[in-house]
Amino acid sequence: MAIIKVKNLYKIYGKHPDMALKMLEEGHSKEKILSDIGQTVGLNNISFEVEPGEAFVVMGLSGSGKSTLIRCLNRLIDSTSGSIIINGKDITKMNKKELNELRREKISMVFQSFAVFPHKTVLENAAYGLKIMGISQVEREKKAYEALEMVGLKGWEDFLPSNLSGGMQQRVGLARALATEPDILLMDEAFSALDPLIRKEMQTELLELQERMKKTIVFITHDLDEALRIGDRIALMKEGEIVQVGTPEEIMMSPATDYVEKFVEDVDRSRVLTAEMIMKKPSTVVIHPKDGPRIALHRMEESNISSIFVLDKQNCLLGLVMAEDALQAIEKNEKSLENIIRKDIPTVFPETLLKDMFSLLTGKSLPLAVVDDNHKFKGIVLRGTVMAKLAGGIPSD
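The rules we used
What you see as residue numbers is a count from 1 along each chain, following the sequence as written. This being a predicted model, a pLDDT of at least 70 is required before a residue's local features are given, and a value of 80 or more before pairs of side-chain atoms are given or counted; all residues contribute to the totals for chains, interfaces and linings. Values reported for side chains reflect all heavy atoms of the structure, with hydrogen atoms and water molecules removed beforehand. A helix here means a DSSP run of H or I that spans at least four residues, while a strand means a run of E at least two residues long, and both kinds are numbered starting from the N terminus. Burial classes follow relative accessibility: with a 1.4 Å probe on protein chains only, a residue under 20% of its type's maximum area counts as buried, one over 50% as exposed, and anything between as partly exposed. Counted as positive: Lys and Arg. Counted as negative: Asp and Glu, with His and the chain ends omitted from the count. Salt-bridge detection follows one rule: a side-chain nitrogen of Lys or Arg within 4 Å of a carboxyl oxygen of Asp or Glu. Side-chain atoms alone can form a polar contact between residues adjacent in sequence; in general such a contact is a pair of N or O atoms within 3.5 Å, and within protein one must be able to donate a hydrogen while the other accepts it. Note on contacts: a residue pair qualifies if any of its non-hydrogen atoms lie within 4.5 Å across the two residues. Each residue carries a pLDDT value, the predictor's own confidence for that position, ranging from 0 to 100. At least two DSSP bridges between two strands are needed for those strands to be called paired. Here a Phe, Tyr or Trp ring, Trp counted by its six-membered ring, pairs with any other such ring whose centre lies within 6.5 Å, and the pair is stacked when the planes are under 30 degrees apart, edge-to-face when over 60, and tilted otherwise.

Asks: What should I look at first to understand the side chain of Lys11 in this one?
Replies: If you trace the backbone, Lys11 turns up in strand S1 (residues 4-13). Although Lys11 is buried, it forms no salt bridge, and the closest oppositely charged side chain is Asp78 at an N-O distance of 7.0 Å. At a separation of 2.8 Å, a polar atom in the side chain of Lys11 contacts the main-chain carbonyl oxygen of Asp78. Among all residues touching Lys11, those that are not within four sequence positions of it are Thr40, Val41, Gly42, Leu43, Thr68, Ile77, Asp78, Ser79 and Thr80.

Asks: Before we go on, may I ask you to explain the side chain of Lys215 in this structure?
Replies: Mapped onto the secondary structure, Lys215 falls in the loop between helix H8 (196-213) and strand S8 (216-221). It turns out Lys215 is buried and unbridged, and the closest side chain with the opposite charge, Asp183, is 5.9 Å from it. A distance of 2.8 Å separates the side chain of Lys215 from the backbone oxygen of Pro182, its partner in a polar contact. When residues no more than four places from it in sequence are discounted, the contact partners of Lys215 are Gly53, Glu54, Glu181, Pro182, Asp183 and Gln210.

Asks: In this structure, what is going on with the confidence of the model for the chain? I would like to understand it.
Replies: Predicted coordinates in areas of low pLDDT are best not read in detail. On average, residues of the chain score 88 in pLDDT, and 97% of them are at 70 or above. This stretch, residues 392-397, has a pLDDT under 50; its non-local contacts, to residues over four places away or in other chains, come to seven contacts.

Asks: I tried to follow the environment of His28 on my own but got confused; where do I start?
Replies: Relative to the elements of secondary structure, His28 occurs in the loop between helix H1 (17-25) and helix H2 (30-37). Given the relative accessible area of 27%, His28 is considered partly exposed. Once the C-alpha coordinates of His28 and Lys290 are considered, the two residues, 262 residues apart in sequence, prove to be 69 Å apart. Side-chain polar atoms of His28 contact the side chain of Glu26, separated by 3.4 Å.

Asks: Please explain the sheet that holds strand S2 (residues 40-50) as it appears in this structure.
Replies: Strand pairing in a sheet relies on backbone hydrogen bonds, with the paired strands running either antiparallel or parallel. Read across the open sheet, the four strands follow the order S2-S1-S4-S5; overall the sheet is antiparallel. Only two strands of the sheet have a single partner each, and these edge strands are S2 and strand S5 (89-90). Relative to S5, strand S4 (residues 81-86) runs antiparallel, the two sharing two bridges. Note on S5: the bridge partner recorded for Ile86 is Lys89.

Asks: Help me understand the packing of aromatic side chains, please; the structure alone is not making it clear to me.
Replies: Aromatic ring pairs are reported here in terms of the distance separating the ring centres and the angle at which the planes meet. Enumeration according to the criterion identifies six aromatic pairs in this entry. A ring pair is formed by Phe48 and Phe56, whose centres lie 5.0 Å apart and whose planes are at 10°; its orientation type is stacked. By relative accessible area, which is 7% here, Phe48 ends up buried. We classify Phe56 as buried; its relative accessible area is 0%. On the basis of an interplanar angle of 50° and a centroid distance of 4.8 Å, the ring pair of Trp156 and Phe159 is categorised as tilted. The exposure class of Trp156 is partly exposed, given its relative accessible area of 28%.

Shown next as structure tokens:
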């Protein structure tokens with residue numbers, strides 16, 4: 001069940017929003033509404049859902065409405081019409097007390113500006129949200145210490161923000177957001193003020209935190225590379241509307257409009273697509289040790305392949321059997337695969353990027369096995385699939 005449901009959301013800036021809504025219903029453009037009645041359309045009929053634990057990225061160019069949208073999600077800005085349902089409750093109908101409780105207990109926000117208090121220590125900054133919640137000093141300092149350690153600031157608790165770099169100050173803001181243990185983390189261009197190297201480090205940090213904590217994240221950015229790296233799904237905005245919602249692969253490989261296609265045309269797909277995105281899960285390419293060389297060769301003949309992966313009962317990868325090895329074992333009347341399993345074979349993880357698979361695939365016809373951290377078999381990557389995904393060329397650096 002979705003933790004966030006946004007339905008038919010509009011935001012009109014001006015004194016006559018009802019007139020603007022009527023004109024939108026009649027099919028008039030934002031430009032005509034602005035010129036005729038002086039009303040600015042910030043959001044135009046926005047609908048989407050976010051699942052628990054999902055990193056949902058909203059991206060678009062300046063003026064697309066993405067920052068307006070995220071501010072509507074915790075009512076820093078009131079929408080004109082539509083609904084925003086969080087944990088089953090429509091926040092557009094909440095009174096001030098209910099809204100404050102939602103912000104204290106369910107949602108935290110990290111801004112582009114580091115938003116740290118210069119006169120407070122790093123620890124006091126990280127504990128600030130907990131202080132507002134009325135948590136005792138002992139408990140809030142304990143939670144703040146834990147949050148600072150999570151973001152790599154252990155040992156900096158007693159320093160003032162002026163002693164920290166920009167990246168470290170943003171980590172303080174992230175720690176403050178995490179310390180309250182929110183269900184939802186809203187991040188508005190959180191890394192865009194950082195230099196490219198620090199920005200990349202913070203993206204990595206966020207991905208590692210998300211792997212451990214599984215927070216629901218709504219992340220705003222104008223940077224496509226950042227969106228593709230962070231997002232489980234991406235909503236691409238243009239002029240106050242969402243033009244496509246999809247996974248990074250869907251956005252890259254199946255753009256819904258000419259605008260989206262233009263947006264993604266210069267992206268180096270080898271630095272975006274992962275093994276998990278392109279792997280196949282055919283059951284015909286795997287057998288178990290008990291099957292023996294005859295069954296192995298029979299499976300290969302049926303599927304017109306020259307090799308087959310061997311898995312144990314827990315679906316962990318044991319290795320690969322080649323057709324010629326299976327044939328020789330049959331000629332020797334061997335009943336087991338044990339002596340012909342090639343164990344020293346290349347494998348990749350689901351998150352391995354295409355650019356890191358090239359050397360493993362170059363000059364080889366064998367597929368790559370995709371395994372998880374426990375060496376459980378997830379699927380295969382075929383050389384032909386990689387070439388197909390990269391059709392159209394890879395931009396040079």
